[in-house]
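The lines below spell out each chain.
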Amino acid sequence: MKEQIRSANDYGKRQAIWIGMSCIGSYCSCYIVKNILSAVMPQMMTESAVDSTALGTAGSVYLLTYGIGQFINGQIGNRAEPLYMVLIGLLLPGMLIACFPFCHSPVLGILHWGICGFTCSMLWGPLSRLIGENTEERYSKLLLSGMTVASVLGTLVTYLIAMLSSWLHDYRIAFLAAGIWVLLTSVFWFFSYLYMRRKKWIQVMKHEDAI
């Protein structure tokens, strides 16, 4: 009996570790997208003839679309398949911020960040749902706290990337590095999710059950 209990505890712990790594890592990348523009903005204005008004507008549009997306995607995240929702929320912003230094149109730049804001808002709902529905209460509380830590860690990584680009005197490096980081996170998310689903560590309620 003790061996069975120990085995069940080990199984639950492995399940929580995998879910935690996948969700916390993904949410960390969300905050890299969220903070990279403000972190690199001073360097951009020093190194190029960028329109500071356009950059400020882009940052404001990001926050606006992120707020709108939180409401819309919060509802969708209670029903949609987390695999694809989080994947889109990482892939699209990752590609957009990597391409941003080569976007010379202020209007397109603002559109870039508007899309980034909306897609980044796709993560919290399905990630928190995945943790809540698939881990024991003792683990879920810890992992949800870890999501808060991930936001701080993501911000820290963003400013380290910005420091690197400042040291190399090329602001484009920051956006490329951040974009690659987020894209690699999306790859990790995709394959870790498939692995967890194959191990039957995660189960997602059907649409009619989630209403």
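Here's a quick rundown of the structure.

About the cut-offs
- Here the residue numbers are simple positions, counted from 1 along each chain's written sequence.
- At least 70 in pLDDT is required for a residue's local features to be given in this predicted model, at least 80 for side-chain atom pairs to be given and counted, and no such filter applies to totals for whole chains, interfaces and linings, which use all residues.
- Think of the side-chain values as coming from all heavy atoms in the structure, minus any hydrogens and water.
- Secondary structure counts use DSSP, requiring at least four H or I residues in a row for a helix and at least two E residues in a row for a strand, with both numbered from the N terminus.
- Take the residue count of a helix, subtract one, and multiply by 1.5 Å to get its expected span.
- For every residue, the accessible area obtained with a 1.4 Å probe (protein chains only) is divided by the maximum for its type, and the residue is called buried under 20%, exposed over 50%, and partly exposed between those limits.
- The rule is short: rings of Phe, Tyr and Trp, with Trp giving its six-membered ring, pair when the centres are within 6.5 Å, and they are stacked under 30 degrees, edge-to-face over 60, tilted in between.

### Structural notes on helix α3 (residues 82–99)
Piece 1. Between the first and last C-alpha of α3 there are 26 Å, a value that for 18 residues agrees with the 26 Å anticipated at 1.5 Å per step.
Piece 2. Inspection of α3 places P82, L83, M85, V86, L87, G89, L90, P93, G94, L96, I97 and A98 among the buried residues, and these make up the whole buried set.

### Focus: the packing of aromatic side chains
Piece 1. For the structure on display, the rule yields 13 aromatic pairs.
Piece 2. With 6.5 Å between their ring centres and 40° between their planes, W18 and W201 make a pair best called tilted. Taken as a pair, W18 in helix α1 (residues 2–47) and W201 in the loop between α7 (171–198) and α8 (207–210) lie far apart in primary sequence, 183 residues in all.
Piece 3. Ring centres of F100 and W113 lie 5.4 Å apart, and the angle between their planes is 75°; this geometry places the pair in the edge-to-face category. With F100 in the loop between α3 and α4 (106–120) and W113 in helix α4, the pair connects residues that are 13 residues apart, well separated along the chain. Here the two residues F100 and W113 agree in accessibility, since each one is buried.
Piece 4. Within the aromatic cluster, the residues linked to one another by ring pairs are Y62, Y66, F100, W113, Y171 and F175.

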